[in-house]
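Below are the chains, spelled out letter by letter.
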Amino acid sequence: MTARPYVLLSCAMSIDGYIDDATAERLLLSNDADLDRIDAVRSACDAILVGAATVRRDDPRLLVRSDRRRAERVARGLPPSPVKVTVTGSGDLDPAARFFTLGDGAKLVYCPSGVAEKTREQVGGVATVIDAGTQVTPEALLTDLAGRGVRRLMVEGGGRVHCQFLTAGLADELHLVVAPFFVGDRRAPRFVGDGRFPWHPGRRAQVVEVRQIGDVVLTRYALSDRCDTA
């Protein structure tokens, strides 16, 4: 795993740690200035990963929005936006989701062997479906992405995916944005669930930046010695 991609986790949450509420509508936790920052981070990555639940719930585009940033990527010989990546345990994905229909770049779907055939039937016409074996692990996913030339991966959620990378110790950097309000509903999804994390009271993560961006606050954590702390 020494050649694995650099892994940057990005998340926005409420003061009480929720990444959404319990309604059918998407909860906006960021603001325009922070969304532009995220766009810049995306444009510097080779691939963006979200879980299948995020594809179903939020219907994200996962594209670089800025015309200038897209042009700069093309000038460097890159596609306008990073490769899109998702992971599914069930194969239940809609080929009409914006993850698949928007953008000309590659779309990769990782799934266990048991649902590989179903997943190919669902989205094989709009994405490359990768049989990851008995279970899709962060280690296997990163190994495959490295073989495809991905050097920098941005993980945008949801909470289960973030938790898997964090508990596996395979995250190099975390961008955590806190919105100035509470959700207060335990039915809503949180940033991460239960797990054994490499960072604990005896081994604290290093804070390398704290920045106010309008009405939200960004904290950037170094989670490995690969992170640039300058």
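Before any of the text, the structure's been laid out above.
Residues numbered from 1 in each chain as written. Predicted model: local features only at pLDDT ≥ 70, side-chain atom pairs only at ≥ 80, totals over all residues. Heavy atoms only, no water.

## Details of the layout of surface pockets
The volume enclosed by the second largest pocket comes to roughly 210 Å³. Taken together, Leu166, Leu174, Phe191, Val192, Phe197, Trp199, His200, Ala205, Tyr221 and Leu223 make up the full set of residues lining the second largest pocket. (1 Å grid on protein atoms, 1.4 Å probe; cavity = no way out; pocket = protein on both sides within 12 Å on 5 of 7 lines; lining within 4 Å. Points joined across faces, edges and corners; volume = space filled by probe spheres on them.)

## Comments concerning the sheet that holds strand β8 (residues 206-213)
Sheet strands associate in pairs through backbone hydrogen bonding, adopting either a parallel or an antiparallel arrangement. The sheet built from nine strands is open, its strands ordered β5-β4-β3-β2-β6-β1-β7-β9-β8 with mixed pairing. Among the strands making up the open sheet, the edge pair consists of β5 (128-131) and β8. Each strand axis lies, on average, 20° off the axis of its neighbour in the sheet, ignoring direction. Bridge analysis of strand β4 (residues 107-111) against β5 gives four bridges, and the strand direction is parallel. Bridged to tyrosine 110 within β5 is isoleucine 130. Packing of helix α6 (residues 138-147) onto the sheet brings it into contact with β1 (6-13), β3 (83-87), β4, β5 and β6 (152-155), and relative to β4 it is tilted by some 150°. (Pairing = 2+ DSSP bridges. Helix = DSSP H or I, 4+ residues; strand = E, 2+ residues; numbered from the N terminus. Axes fitted to C-alpha atoms, helices over the stretch in contact; angles between N-to-C directions. Contact = heavy atoms within 4.5 Å.)

## Quick look at the state of the cysteines
Cysteine pairs can be linked by a disulfide, which is a covalent bond between their two sulfur atoms. Summed over the entire model, instances satisfying the criterion amount to zero disulfides. This cysteine, cysteine 227, is not joined by any disulfide, and cysteine 45 carries the nearest cysteine sulfur, 12 Å off. What makes cysteine 227 buried here is its relative accessible area of 7%. (Disulfide = S-S within 2.5 Å. Buried < 20%, exposed > 50% of the residue type's maximum accessible area, 1.4 Å probe, protein only.)

## Brief notes about the environment of aspartate 16
As for its position among the elements, aspartate 16 is in the loop between β1 and α1 (32-43). Take aspartate 16: its relative accessible area is 19%, and that puts it in the buried class. Taking the C-alpha atoms as reference points, aspartate 16 and threonine 119, 103 residues apart in sequence, are found 36 Å from one another. When neighbours within four sequence positions are excluded, aspartate 16 is seen to be in contact with Phe181, Phe182, Val183, Gly184 and Arg190. Within the structure, aspartate 16 has its side chain in polar contact with the backbone nitrogen of valine 183 (distance 3.1 Å). (Polar contact = N/O pair within 3.5 Å; in protein donor to acceptor, adjacent residues only side chain to side chain.)

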